[in-house]
2 protein chains.
Amino acid sequence: MSALVLGHMNPDTDSIVAAIAAADLYSKRGFSVAAAAQGEATPETEFVLRKFGLCAPLVVKDVAGKELWLVDYSDLPQAPAGMDSATILGIVDHHKLGNMTTASPLEAWIWPVGCTNTVLKSMYDFYGIEIPKNIAGAMLCAILSDTVIFKSPTCTEADKKSVDALAKIAGISDVAALGMEMFKVKSAVDAPMKDLVFRDYKDFDMNGKKVGIGQLEVVDLSILAKVKDGLYAEIQKVKSEGRHSVFLLLTDIMKEGSEMLIVSDDPSVVEKAFGVKPDGKTVWLPGVMSRKKQVVPNFEKAFK
Amino acid sequence: MSALVLGHMNPDTDSIVAAIAAADLYSKRGFSVAAAAQGEATPETEFVLRKFGLCAPLVVKDVAGKELWLVDYSDLPQAPAGMDSATILGIVDHHKLGNMTTASPLEAWIWPVGCTNTVLKSMYDFYGIEIPKNIAGAMLCAILSDTVIFKSPTCTEADKKSVDALAKIAGISDVAALGMEMFKVKSAVDAPMKDLVFRDYKDFDMNGKKVGIGQLEVVDLSILAKVKDGLYAEIQKVKSEGRHSVFLLLTDIMKEGSEMLIVSDDPSVVEKAFGVKPDGKTVWLPGVMSRKKQVVPNFEKAFK
């Protein structure tokens with residue numbers, strides 16, 4: 001049985017493209033693997049897969065007894081059912097170290113860069129394996145997506161260098177134009193509220209409290225004006241399912257900031273985390289674009 | 001303030017040499033770091049440091065508020081005091097993924113190879129940084145120590161290749177002879193029983209139970225005949241300090257097997273783990289040389 005290469009719950013473009021790229025790399029290193037995902041591709045990811053002629057990975061909801069190579073996470077709350085009896089062979093990631101543990105030594109490449117695909121680009125180089133042209137294009141898009149076309153504070157020199165190298169392999173001349181095309185697809189909000197909230201949503205364990213943080217990135221916040229009340233009602237529902245707080249970041253990638261919708265048993269954590277007093281259900285956080293670098297660490301401290 | 005590069009409790013040669021090598025590598029990458037250790041060097045490690053003219057790292061017992069690069073572990077039970085308020089910037093390791101977590105992204109290189117210094121050799125290559133001759137010699141010894149001169153089942157092709165390359169850098173022509181010289185130093189048992197038990201000792205959390213596993217490696221088990229009763233009395237004492245079990249592996253590196261001394265609230269775990277019935281306080285485990293690969297995973301399953 002092939003091991004599965006699998007990203008996190010509510011997969012984003014990085015998570016899905018990383019599974020495809022890592023499966024290519026591992027199989028060329030001699031491992032028997034298949035790319036998988038915990039859910040369907042979002043419209044952004046579909047755009048990327050279609051553009052480069054790649055298939056969406058197999059959707060897998062239970063991994064009991066399976067061997068896994070994880071990409072883009074190491075947190076149990078983002079794992080599928082059956083994780084208890086699965087064996088983790090490796091992790092490629094760019095997040096904080098989560099609460100996964102293993103019974104045997106594993107292969108982990110976890111770097112503080114903007115995107116898992118940046119780590120994978122270096123892994124291809126390290127093993128001297130050529131990146132296929134179509135996978136290179138998708139990897140480039142994943143990096144543009146995760147770094148918000150280099151604007152996110154998570155973006156590093158390594159991300160930029162990887163995009164340069166991948167653009168050459170994929171034969172892409174105007175990287176910025178491709179990025180904007182992709183973010184326009186991402187900005188489409190003609191979907192059920194639930195899909196929008198969970199499009200890029202993660203649960204965290206913060207000092208014993210279950211905290212959900214979602215993010216929608218758009219090229220102009222006015223796009224979301226019509227759906228904001230619906231999104232708020234939806235995150236109230238998500239909170240009522242046993243969570244202490246649910247926060248939804250509405251990120252304006254051109255203005256470079258986020259409006260955060262807030263539902264919490266203790267809204268004071270928001271002021272503790274960001275030093276800004278929320279205006280009822282919402283707060284504008286100028287410059288805040290990265291859940292990983294600017295939101296999660298601040299909340300981790302505020303919840304302590 | 002410099003960040004500390006720090007290995008596990010009861011540091012072995014790999015842990016101390018990895019801290020020295022990683023500190024060299026990180027400082028050449030532009031980070032401000034200092035090598036540290038959680039305890040004094042063992043006779044084996046002292047032999048290696050003296051042979052290659054290296055200083056023992058600073059001994060550090062409390063890391064409250066400090067920034068850390070960890071080497072050779074990711075398990076909280078092997079961490080020093082003050083870990084709660086320390087910040088982990090990175091991990092280089094070759095063990096199972098432990099229960100450390102971080103609040104921010106980190107740089108982790110964790111590979112299923114025989115020695116942390118094998119990972120570090122690849123990291124030097126990856127960053128295009130030359131390994132100083134004396135550090136190369138010590139890294140080579142650390143790999144010989146952890147892989148028991150290539151005899152341990154943990155030993156991989158990557159470990160052997162690293163030793164070949166490091167021998168060239170360090171100008172060492174007879175690697176096997178250096179290995180035997182080192183293991184003869186390691187075989188010396190003229191030390192207090194407590195020192196012998198804790199020379200290479202680790203506590204594990206196995207399904208909520210605290211389990212200590214120590215290991216002494218000698219070139220001939222008869223060397224330990226005189227001290228065996230004393231060692232047994234000592235691990236009884238260690239167990240009485242709130243542990244479910246303490247196991248001490250007495251490994252004969254020439255016969256390639258280990259006698260395991262057993263003190264446990266439930267000695268049946270030994271039979272569950274190894275399929276061999278202990279003869280009272282002890283059991284001979286043919287072929288068992290690696291705590292990490294052959295002992296810990298088996299106990300993890302037996303304790304489930």
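Residues numbered from 1 in each chain as written. Chains lettered and ligands numbered in written order. Predicted model: local features only at pLDDT ≥ 70, side-chain atom pairs only at ≥ 80, totals over all residues. Heavy atoms only, no water.

## Remarks on the packing of helix α1 (residues 13-28) of chain B against helix α4 (residues 133-146) of chain B
Residue and element names in this part refer to chain B. Operational definition: Throughout, an axis means a line fitted to C-alpha atoms (over the contacting stretch in the case of helices), and angles, computed between N-to-C directions, take values from 0 to 180 degrees. What counts as a helix is a DSSP run of H or I of at least four residues, what counts as a strand is a run of E of at least two, and both are numbered from the N terminus. Any angle from 65 to 115 degrees is called roughly perpendicular, while one under 35 is roughly parallel, one over 145 is roughly antiparallel, and all others are oblique. Crossings are classed by handedness, with left-handed meaning an anticlockwise turn of the near helix from the far one by less than a right angle and right-handed meaning a clockwise turn. Two residues form a contact once any of their heavy atoms are found within 4.5 Å.
Between α1 and α4, whose axes approach to 9 Å, the crossing angle comes to 150°. Our classification of the angle between α1 and α4 gives roughly antiparallel. Every pair of crossing elements has a handedness; the one defined by α1 and α4 is left-handed. Only Ile135, Ala138, Met139, Ala142, Ser145 and Asp146 of α4 make contact with α1, whose side of the interface consists of Thr13, Asp14, Val17, Ile20, Ala21 and Asp24.

## Topic: the pairing of strand β6 (residues 107-110) of chain B
Applied cut-off: Exposure classes here rest on a 1.4 Å probe applied to the protein chains alone. A residue is buried below 20% of its type maximum, exposed above 50%, and partly exposed in between. For two strands to count as paired, DSSP must find a minimum of two bridges between them.
A two-sided burial pattern is seen for β6(B), the buried positions comprising Glu107(B) and Trp109(B) on one face and Ala108(B) and Ile110(B) on the other. Across 3 bridges, strand β6 (residues 107-110) of chain A lies against β6(B) in antiparallel orientation. Across the sheet, Ala108(A) pairs through a bridge with Ile110(B), a residue of β6(B). In the sheet, strand β5 (residues 87-93) of chain B pairs with β6(B) via 4 bridges, with the strands oriented parallel. Following the sheet pairing, Val92(B) is matched in β6(B) by Trp109(B).

## With respect to the relation of the copies chain B and chain A
To keep things clear, this is the line we draw: Copy-to-copy superposition: least squares on the C-alpha atoms, limited to residues that have pLDDT of at least 70 in both copies.
Superposing chain B onto chain A takes a rotation of 180° plus a shift of 0.0 Å along the axis, which leaves an RMSD of 0.0 Å. Both copies are brought into coincidence by an operation consistent with a two-fold rotation axis. Closest approach to the rotation axis among the C-alpha atoms of chain B is made by Trp109(B), whose C-alpha sits 2.6 Å away.

## Describing the interface of chain B and chain A
Definition in use: We count a salt bridge whenever a side-chain nitrogen from Lys or Arg sits within 4 Å of a carboxyl oxygen from Asp or Glu. Under the rule applied, a polar contact is a pair of N or O atoms within 3.5 Å (in protein, one hydrogen donor and one hydrogen acceptor; residues adjacent in sequence only if both atoms are side-chain atoms). Three residue categories are used. Nonpolar comprises Ala, Val, Leu, Ile, Met, Phe, Trp, Tyr, Cys and Pro, charged comprises Asp, Glu, Lys and Arg, and polar comprises the others, including Gly.
At the interface, 26 residues of chain B touch 26 residues of chain A. At the junction of chain B and chain A, the tally comes to 0 salt bridges. Joining chain B to chain A, the criterion identifies 4 residue pairs in polar contact (both at pLDDT 80 or more). Secondary structure elements with two or more residues in the side of chain B that touches chain A: β6, α3 (116-126) and α10 (291-302) of chain B. The leading source of residues in the side of chain B that touches chain A is β6(B), at 4 residues. For the side of chain B that touches chain A, a count of residues per class yields 13 nonpolar, 8 polar and 5 charged.

## A look at the sheet that holds strand β7 (residues 201-206) of chain B
All names here are of chain B. If you trace the 5 strands from one edge of the open sheet to the other, you get β7-β8-β9-β10-β11, paired in mixed fashion. On the outer flanks of this sheet lie β7 and β11 (282-286), each paired with one strand and no other. Neighbour to neighbour, the strand axes of the sheet diverge by 25° on average, direction disregarded. With 8 bridges connecting them, strand β9 (residues 245-252) and strand β10 (residues 257-264) associate as antiparallel partners. Directly across from aspartate 252, in β10, lies its bridge partner glycine 257.

## Points about the pattern of salt bridges
In the structure shown here, the tally under the stated rule is 36 salt bridges over all chains. Here Lys186(A) makes a salt bridge to Glu44(A), at a shortest N to O gap of 3.4 Å. Of the two residues, Lys186(A) sits in helix α6 (residues 175-186) while Glu44(A) sits in helix α2 (residues 43-51), which places them 142 residues apart along the sequence. A residue is classified by how much of its surface remains accessible, and Glu44(A), at 4% relative accessible area, is buried. Between Asp125(B) and Lys121(B) there is a salt bridge whose closest N-O contact spans 2.6 Å.

## Digging into the sheet that holds strand β10 (residues 257-264) of chain A
Working definition: the strands of a sheet are paired by backbone hydrogen bonds and lie parallel or antiparallel to each other. All names here are of chain A. Spatial strand order, β7-β8-β9-β10-β11: 5 strands in an open sheet with mixed pairing. Of all strands in the sheet, those with a lone pairing partner are β7 (201-206) and β11 (282-286), marking the two edges. On average, each strand axis in the sheet is tilted by 25° relative to the strand beside it, whichever way the strands run. Where β10 and β11 come together, 5 bridges link them in antiparallel fashion. The partner of leucine 261 across the bridge, within β11, is threonine 282. Packed on one face of the sheet, helix α10 (residues 291-302) meets β7, β8 (209-218), β9 (245-252) and β10 and runs near 30° to β7.

## Describing α10(A)
What sets the pattern is the α-helix's 3.6 residues per turn: residues three or four places apart point alike. All names here are of chain A. Of all 12 residues making up α10, 9 are buried, and the element is well covered by its neighbours. Three or more residues of α10 are buried, namely Arg291, Lys292, Gln294, Val295, Val296, Pro297, Phe299, Glu300 and Ala302. On its buried face, α10 sits against β7, β8, β9, β10 and α9 (268-274). Capping the start of α10 is the job of one residue whose side-chain oxygen sits 3.3 Å from the backbone nitrogen of lysine 292: serine 290.

## Remarks on the side chain of Thr154(A)
Relative to the helices and strands, Thr154(A) is located in the loop between α4 (133-146) and α5 (157-170). For Thr154(A), a relative accessible area of 5% gives the class buried.

## Regarding unusual backbone geometry
In terms of backbone geometry, most residues other than glycine have negative phi values and most peptide bonds are trans. All names here are of chain B. For asparagine 10, which is not a glycine, the phi torsion comes out positive at approximately 50°. The topology assignment puts asparagine 10 in the loop between β1 (3-6) and α1. If you check the backbone angles, isoleucine 149 has positive phi at about 50° while not being a glycine. Counting through the fold element by element, isoleucine 149 comes out in the loop between α4 and α5 (157-170).

## Structural notes on the state of the cysteines
All names here are of chain B. Defined as follows: Here, two cysteine sulfur atoms that lie within 2.5 Å of each other are counted as a disulfide.
In the structure shown here, the tally under the stated rule is 0 disulfides over all chains. Cysteine 141 takes part in no disulfide bond, and the closest cysteine sulfur to it belongs to cysteine 115, at a distance of 11 Å. Assessed through its relative accessible area of 0%, cysteine 141 is described here as buried. No disulfide involves cysteine 155; its sulfur sits 9.8 Å from that of cysteine 115, the nearest cysteine.

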